[in-house]
Amino acid sequence: MGSLITNEDDVKESKDAILYVNGVLKLLPDGLAHLTLLEYLRDVGLTGTKLGCGEGGCGACTVMVSYFDQNLKKCVHQAINACLAPLYSVEGMHVITVEGLGNRKFGLHPVQESLASRHGSQCGFCTPGFIMSMYALLRSSKTPPTEEQIEESLAGNLCRCTGYRPILDAFRVFAKTNDLLYTNGFVSLQESKDGEFICPSTGKPCSCGPNKETVKQADVCHNGYKAVSYNEIDGSSYTNKEIIFPPQLILRKSSYLRLNGFGGIKWHRPLSLKHVLELKSRNPDAKLVLGNTEVGIETRLKKIHYPVFIAVTHVPELNVLTVNDNGIEIGAGVRLSELQKFLKKLIEERPVYETSACKAITEQIKWFAGTQIRNVASVGGNICTASPISDLNPIWMASGAKFRIVEGKGNIRETFAEKFFLSYRKVDLGQNEILLSVFVPWTRKYEYVKEFKQAHRRDDDIALVNAGMRVFLEKRNEKWIVSDACIVYGGVGPVSLSAVKTNGHLTGKEWNKELLQDSLKILRQDILISEDAPGGMVEFRKSLTLSFFFKFFLWVSHQMDGQDSFKESVPVSHLSAIESFTRPSVMSSQDYEVVKQGTSVGSAEVHMSARLQVTGEAEYTDDTPMAPNGLHAAMILSKKPHARLVSIDDSGARSSPGFAGIFFSKDIPGAKFTGPVVEDEEVFASEIVTCVGQVIGVVVADTHENAKLAARKVNIEYEVLPAILSIKDAIKAKSFHPNTHRVLSKGDVELCFQSDECHKIIEGEVHIGGQEHFYLEPNSTFVWTMDGGNEVHMISSTQAPQKHQKYVAHVLGLPMSKVVCKVKRIGGGFGGKETRSAFFAAVAAVPAYLLDRPVKLTFDRDVDMMISGQRHSFLGKYKVGFTNEGKVLALDLEIYNNAGNSLDLSLAVLERAMFHSDNVYEIPHVRVNGNVCFTNYPSNTAFRGFGGPQGMLITENWIQRIAMEVKKSPEEIREMNFMSEGSILHFGQQVQDCTLHRLWDELKKSCNFLKVRSEVEEFNLKNRWKKRGVAMIPTKFGIAFTTKFMNQAGALVQVYTDGTVLVTHGGVEMGQGLHTKVAQIAASAFEISLSSVFISETSTDKVPNASPTAASASSDMYGAAVLDACKQIKARMDPIASLKKHTSFVELVNACYFERIDLSAHGFYIVPDIGFDWTTGKGNIFRYFTYGAAFAEVEIDTLTGDFHTRAADVILDLGFSINPAIDVGQIEGAFVQGIGWVALEELKWGDDAHKWIPPGCLFTCGPGNYKIPSVNDVPFKFKVSLLKDAPNDKAVHSSKAVGEPPFFLASSVFFAIKDAIIAARAESGSHGWFPLDNPATPERIRMACADDFTAPFAKADFRPKLSV
Ligand SMILES: Cc1cc2nc3c(=O)[nH]c(=O)nc-3n(C[C@H](O)[C@H](O)[C@H](O)COP(=O)(O)OP(=O)(O)OC[C@H]3O[C@@H](n4cnc5c(N)ncnc54)[C@H](O)[C@@H]3O)c2cc1C
Ligand code: FES
Ligand code: FES
């Protein structure tokens, strides 16, 4: 190709790299090629952009980049992940971060204002990312986006706290607006026939209307918040607040960049293809880079070093998108979002039959990663990575695409996509060749291309199996014959695999059922997956290959339906196999009463940090500026689950760049062991390691990267010892933590089983997998010394500052009075930062103390997930006796939890599981035995619900089984066995103030259970391959720490002479709104406005000996302690107040001050009337119970295991809510987190079930392969109600605790899934009970829907592998 054009300017080297950040010009110095945009932004103090994962999977780092497209002559605005963008990749662009939108001093941007005021932030760590995704969508849209577009644009942003509903509601105001509805006045006029509120923003029913009961003041949409008009933020008409695109960048010409980075890295950005080829010839090992979404993972997570990068983003020849008579040519550099836009337009313009392949590509891109990734990821990057699970490669191959390849001299050759992929991540490209473009031919009449993909989670997830399929039919002799076919699968081997035999078999045959059946048989031999194949799930993956082909057959037949002589019309009931998934936008409602107590208690106040969070001004531990002599720490971690440490060679680390110190067990100045209950955990392993990820030592260096590099250079020799890697292994080896066997009993189980009353007995096992906390802010601690080490201070991300103080003092050998821990807020905890964070603080404290220098230890996401413990997996073995009617008589239960290598809180977790193992049922005879298993895994720990959900899930499993045995619905069995007022529980506590029956009845009415059930049955009769299911689940959650002494709380209240009040208490604000509720209590106590009360931080030097913020009890306890302090101050003020000489609180305060009255008080509270004796197994372990119930309706695709929650209706009794908005937020957040636990999130460990993972290692250690719910997993209809008129006299202001109780209610989704599977199995003749382990992932759903496609690979009672 002699025509490659380069002009002089293209190769004129420049080091003048610039960037605009929030409208300000920044000169980018040479030497930073190793940095990401995120690192740069945070280094220059823009810490609003967060690091949640560093792998493009969470969206916390989202920023908007804008550049001037010289071809289109317009500005392009895009959301991208700053964590994967190399700094120099945005050279010449404008980056807007959350700080560039608005702030509290100069005003919030409407997007920020809306999110803050609509309760869209809790811990706030994800919030800047959401703001930026929404902002970029608005800036890049010519017209207001639709609600669907808004939801789609947020798929790459994860939130672990809110359950997404309030975020969607907040952003919905920016969607297309029907102005008429706004002008129509009052809410009452805007109700649909069903009485649902109609949103002026969308014209559809929505949740932004007033709560029906009591919020009477709201007369327009959005509870009185003025909806923001789209024009206010229209990207084309900037308001004065909006940062404009810098005009200098419009005129600026890009130049060839040649820059350097740490470690000898070279960064080239050529401007022409010729120059790329020259550079490539000169540097054969150079890495081409575009979006860096693959290369970034390789360099940062897999630690691969590439010395030379050639960034080809600015090369015009690689960015072509052209159309000719034969098809389309797509430049290798074209971004996926650009391609999608282009194809969508083509599909509208070209004849339908020509664009079958184009449609398949656009449909597949829809489910390809999130918006931020699609905005930068290139076609060529995806192809050349040659990932076996690439979503697009099977389609290129199937559709007969050709790849055009250019070599160093400019010569071009073509190859079929089918021939391009040679072996695992190896492609047909010579060292001096690059991919130039892809040519996709138009499809012909009767030629069809279809895409398939099944992942763990529908959105932003890589495929488990995907496929591209093409068939070309021709009519010959009145028959439709396959003239050509190509079936290609991804995720079934080391490369995308063409089913060669099947393709051959199809060709020349008539398209009919016989061909289908024969092809399915051949496919089984064509696609072979070995038992030990990486990724596991072999039976599922094989079944999917058949399911996809069956779907393809039906789909093509449906396309052909009506054609002359075509006989294979698809039965109506089978259409369910091929209907594509479309998601309606979320409709939700929140129903509660407002019981106002004083000035603030009872009001739906906005989270006190909300406005700081939406502007990025809220500071988290890692945002704390580093002191000039500060150091970063990295841990040296065990690579073996159980081994003797033979030798440690740290010479490599010592000579590593920036090294400042390395410390092992021998260096610890104080105690070498710690632990919250028993001190069984070595700070640094000295001789034996008992899990992968155990800390052996710590390295400190000048930068985080250097510390990690040095830690990697420590060589450790191990002598491997046998490891226990499951509960079953532990039971077999009798490997239990010492003194952890527990028994609870009531009545006589054995006698009952033998009695005539007991008509049936069932026995079974329930397997429950663990769950990762996935708080968005990873563990982080910053420790420094004062007075030469006489005092130690730290700021930590923890739920338990007192534990940090205690562990650090203990390990350094200091008195606790000299150690201070402060916490302003944390980016989520959910139990994961209750004890484990303290251990890591002790690790960081050792170098800080010994070197007398500040040390920051912030975990990478993978390290956090691998070593900091999770929700316990459980094994439950039950034996249950019941009557023919379904009345439960006796329960004999053995439960085991997987504690890992130290006791931590595992015994208390087990105990709570035992206390909750009756859920809400009256069982006359109960015996529960519990054991805590020692295994060679990192220590598992607290997680929302603390064992309670696992205990209740075991119960609901056998309840559901009884229902099948006696042929009744599970709901009937539940109702029949409900406990009631006065019932005595199996641990001796009497049930009081039981609102269970009320809740259940209200829920039944609200969700219209009987009607929905009959509609579901009708749907199931009509649809063979999609099934729906429903379930109603009750819950009762005990409130109190089950360790009595922990039920105490302290607070400090200080009133200042300007009438403002500073409250400090022992609880930590982790997003749950604790500070807001507690401040409301103080405001009501003093009868002042909430804005006069401030809570700055939690600090061990203000309130001593505080229990961790946990057990849902913090509002109860700290609210009461603050109230106590307020009352003391008020009592002191009373004599002055009674004089009635003041007209305001500030006057009263001043009057008191002049009378020398102490305006500071320490408040204290102990939870009364609790106590339990394990020797008798009886007592009042809980102060009271929070009751709730939930309904869920789901739909499953029985062929793939895909599912979605069509509706969820949740009701809780929260007494008189202190803040209903916050409580609703807790319920929604817990419910969606619970959906993750029951249906999405599966931890895969290297154990017997997963031999392809190294023993004891965690495979699912990042958002890439551990899937928490995303915005698109929110139930389509999501209703949350609080029980009305139900005061609770056992807690402050008659409220009830909320944090943990709703979590278990998400099991309604699990049991609705099971209900749907029962309907599916019935179609294949399987009517008996079957096990379904938790989580019910697509794999478990698909395999349980046993049918002809699973039968060749697994029996109907097949139980997919699970790490337990
Ligand atoms: C969070 C996340 C989600 C993802 N989701 C999906 C998904 O759903 N489906 C899926 O298939 N993939 C997914 N990926 C993988 C990845 O995003 C894609 O493969 C993407 O298309 C890669 O494009 P890129 O421009 O970022 O490649 P880069 O990382 O820039 O480059 C990738 C490789 O291609 C080479 N290369 C690029 N262009 C050329 C060329 N013209 N000639 C020769 N070699 C070239 C590079 O040298 C490099 O080796 C995901 C990745 C992340 C991080
Ligand atoms: S930090 Fe960038 S996506 Fe998670
Ligand atoms: S508010 Fe979204 S992660 Fe906490």
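The preceding data block contains the structure.
Described below are features of the structure shown in this document.

Scoring rules and cut-offs
Residues numbered from 1 in each chain as written. Chains lettered and ligands numbered in written order. Predicted model: local features only at pLDDT ≥ 70, side-chain atom pairs only at ≥ 80, totals over all residues. Heavy atoms only, no water. Pairing = 2+ DSSP bridges. Helix = DSSP H or I, 4+ residues; strand = E, 2+ residues; numbered from the N terminus. Contact = heavy atoms within 4.5 Å. Axes fitted to C-alpha atoms, helices over the stretch in contact; angles between N-to-C directions. Salt bridge = Lys/Arg side-chain N within 4 Å of Asp/Glu carboxyl O. Buried < 20%, exposed > 50% of the residue type's maximum accessible area, 1.4 Å probe, protein only. Near = heavy atom within 4 Å. Polar contact = N/O pair within 3.5 Å; in protein donor to acceptor, adjacent residues only side chain to side chain. Areas by Shrake-Rupley, 256 points an atom, 1.4 Å probe, with all protein chains shown as cover. Nonpolar A, V, L, I, M, F, W, Y, C, P; charged D, E, K, R; others polar. Core = buried A, V, L, I, M, F, W, Y, C linked by side-chain atoms within 4.5 Å.

1. Structural notes on the sheet that holds strand β25 (residues 659-663)
Turning to step 1, where the next piece is worked out: The strand order across the open sheet formed by eight strands is β25-β29-β23-β36-β33-β34-β35-β44, and the pairing between neighbours is mixed. Sheet topology places β25 and β44 (1098-1099) at the edges, where each strand pairs with a single neighbour.
Turning to step 2, where the next piece is worked out: Across four bridges, the pairing between β25 and strand β29 (residues 695-701) is antiparallel. If you follow Gly661 over to β29, its bridge partner there is Val700.
Turning to step 3, where the next piece is worked out: Lying over the sheet, helix α26 (residues 836-851) contacts β23 (631-637), β25, β29, β33 (780-786), β34 (791-796) and β36 (855-858), oriented at roughly 30° with respect to β33.

2. A short note on the pattern of salt bridges
Turning to step 1, where the next piece is worked out: For the structure on display, the rule yields 77 salt bridges.
Turning to step 2, where the next piece is worked out: Asp428 is the partner of Arg413 in a salt bridge, and the nearest nitrogen-oxygen pair spans 3.2 Å. Of this pair, Arg413 sits in strand β14 (residues 412-416) while Asp428 sits in the loop between β16 (426-427) and β17 (433-441), placing them 15 residues apart in sequence.
Turning to step 3, where the next piece is worked out: Of the charged contacts in the structure, one is a salt bridge between Asp461 and Lys1267, with a shortest N-O distance of 3.5 Å. Of this pair, Asp461 sits in the loop between β18 (447-455) and β19 (463-476) while Lys1267 sits in the loop between α36 (1220-1240) and β50 (1277-1282), and the two are 806 residues apart along the sequence. Comparing Asp461 with Lys1267 shows no difference in burial state: the two are buried.
Turning to step 4, where the next piece is worked out: Taken together, the shared-partner salt bridges in this structure form one network comprising Arg118, Glu147, Arg165, Asp169, Arg172 and Glu1228.

3. Brief notes about the site of ligand 1
Turning to step 1, where the next piece is worked out: Near ligand 1 you find 33 residues, and of these Lys287, Leu288, Leu290, Thr293 and Ser378 are the closest.
Turning to step 2, where the next piece is worked out: Between Leu288 and ligand 1, the recorded distance is 2.6 Å, taken from a backbone N or O atom to an oxygen atom.
Turning to step 3, where the next piece is worked out: If ligand 1 stood free it would expose 990 Å²; the protein chains cover 92% of that surface.
Turning to step 4, where the next piece is worked out: Sorting the residues of the shell around ligand 1 by element identifies β9 (287-289), α14 (379-385) and β17 as the ones contributing at least two each.
Turning to step 5, where the next piece is worked out: Counting residues per element, the shell around ligand 1 draws most heavily on α14, at five residues.
Turning to step 6, where the next piece is worked out: Residues that form the shell around ligand 1 fall into these classes: 17 nonpolar, ten polar and six charged.

4. A short note on the side chain of Asn1047
Turning to step 1, where the next piece is worked out: Structurally, the position occupied by Asn1047 is in the loop between β40 (1026-1039) and β41 (1048-1055).
Turning to step 2, where the next piece is worked out: Contact partners of Asn1047, with chain neighbours within four places excluded, come to Ala1040, Phe1041, Met1117, Tyr1165, Ile1166, Val1167 and Ile1170.

5. Section: the nonpolar core
Turning to step 1, where the next piece is worked out: Core analysis: the biggest nonpolar cluster contains 172 residues, and Phe171, Trp958, Phe1231 and Ile1313 have the highest contact counts within it.
Turning to step 2, where the next piece is worked out: Not counting residues within four places of it along the chain, the set of residues in contact with Trp958 comprises Ile762, Tyr878, Val880, Val888, Leu891 and Ile923.
Turning to step 3, where the next piece is worked out: Counting residues in hydrophobic clusters, the runner-up holds 92 residues, among them Ile265, Leu343, Phe420 and Phe421.

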